[in-house]
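# Breakdown of the fold
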Amino acid sequence: MSRSGRDPDRRVKTARGRKVSSTRWLERQLNDPYVQKARAEGYRSRAAYKLIELDERFALLNGVRRVVDLGIAPGGWAQVVRKKAPKAEVVGIDLLPVEPIDGVTIFEMDFMADDAPAALAQALGGPPDLVLSDMAANTVGHKQTDHLRTMALVEAGAWFAVETLDKGGAFVAKVLAGGTDAELLGLLKQHFKTVKHAKPPASRKGSSEWYVVAQGFKGRG
Ligand SMILES: C[S@@+](CC[C@H](N)C(=O)[O-])C[C@H]1O[C@@H](n2cnc3c(N)ncnc32)[C@H](O)[C@@H]1O
């Protein structure tokens, strides 16, 4: 308690006891046209529109038969894939539980676990033609640590793509501003015909997220 008799912590809370930061988050959510659109169109996340917009630009979902969704929760991207390619086999993985999605096999496990890549590949029953990664590491607020953690996820996703993709396939991953580092970019350029970076309009302007889009997998060997 302060001398004025007010608990200092209270001053940063709203009448309902929310902290100012979460009230701002709530305001942003309520005023965000993508959040409203997602609710109206039945998508589980506003993130769904990032994939819709990436697909409009890169035609990622045209004729896909097998798709891997890394960091699938809550399932917006998988819903988009099912809508655009209803016959595609979709396999997803997340640390968090995900409500079932018709036609999608979901693993609740860490993609960085040794047995995760094999589990995904086996469930798919054939080489994927699209590997998506919207995985984001929990941030700790230390810029370099956050960058390293996120890039480790992207790198693991890229290696998984290179080791499993069908010829002609594509890999899409969330990266941080500044894009992929030189080593990863080299790996992608070696294995894919085109490698581009994009920030879809649904990606919040203030956020540092971008997407790397690698298309035309050259095949192994
Ligand atoms: C931005 S969300 C994905 C949103 C999703 N694309 C959608 O449209 O609903 C990122 C997800 O990555 C997951 N994630 C982060 N690290 C992971 C890991 N090592 N293995 C599996 N999932 C992970 C998080 O749990 C989180 O649910």
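Residues numbered from 1 in each chain as written. Predicted model: local features only at pLDDT ≥ 70, side-chain atom pairs only at ≥ 80, totals over all residues.

### Details of the UniProt feature "binding site: S-adenosyl-L-methionine" (unreviewed entry) in the protein
Here the UniProt feature "binding site: S-adenosyl-L-methionine" (unreviewed entry) sits at Gly75, Trp77, Asp94, Asp110 and Asp134. For Asp110, the contacting residues outside a window of four places in its chain are Leu95 and Ala116. Note on placement: Asp134 falls in the loop between β4 (130-133) and α6 (143-164). Here Asp134 is in contact with Ala47, Gly71, Trp77 and Lys174, once residues within four sequence places are set aside. (UniProt positions renumbered as here; feature names shortened; annotations may be inferred. Contact = placed C-beta atoms within 7 Å. Helix = DSSP H or I, 4+ residues; strand = E, 2+ residues; numbered from the N terminus.)

### Quick look at the site of the ligand
In the neighbourhood of the ligand, 22 residues make up the surrounding shell, with Ala47, Gly71, Gly76, Phe111 and Asp134 lying closest. Every element with two or more residues in the shell around the ligand is listed here: α4 (76-84) and β2 (89-94). In terms of residue class, the shell around the ligand is made up of 14 nonpolar, four polar and four charged. (Near = placed C-beta within 6 Å. Nonpolar A, V, L, I, M, F, W, Y, C, P; charged D, E, K, R; others polar.)

### Side note on the packing of α6 against helix α7 (residues 182-191)
Between two packed helices, the angle of one axis relative to the other and the distance separating the axes together describe the packing. Close contact between α6 and α7 brings their axes to 11 Å; oriented N to C, the two are set at 20°. Our classification of the angle between α6 and α7 gives roughly parallel. Considering the relative orientation of α6 and α7, their crossing is left-handed. Within the contact between the two elements, α6 uses Val154, Glu155, Ala158 and Val162 and α7 uses Leu184, Leu187, Leu188 and His191. Looking at side-chain class alone, the contact of α6 with α7 contains six nonpolar, one polar and one charged residues. (Axes fitted to C-alpha atoms, helices over the stretch in contact; angles between N-to-C directions. Parallel < 35°, antiparallel > 145°, perpendicular 65-115°, else oblique. Left-handed = near helix turned anticlockwise from the far one by under 90°.)

### Things to note about helix α3 (residues 48-58)
Turning to α3, its buried residues number three or more, namely Ala48, Tyr49, Lys50, Leu51 and Leu54. Where α3 is buried, its residues contact α2 (33-41), α4, β5 (170-176), β6 (192-198) and β7 (209-217). A positive backbone phi angle near 50° is found at Ala59, which sits one or two residues after α3. (Buried ≥ 20, exposed ≤ 12 C-beta atoms within 10 Å, placed from the backbone.)

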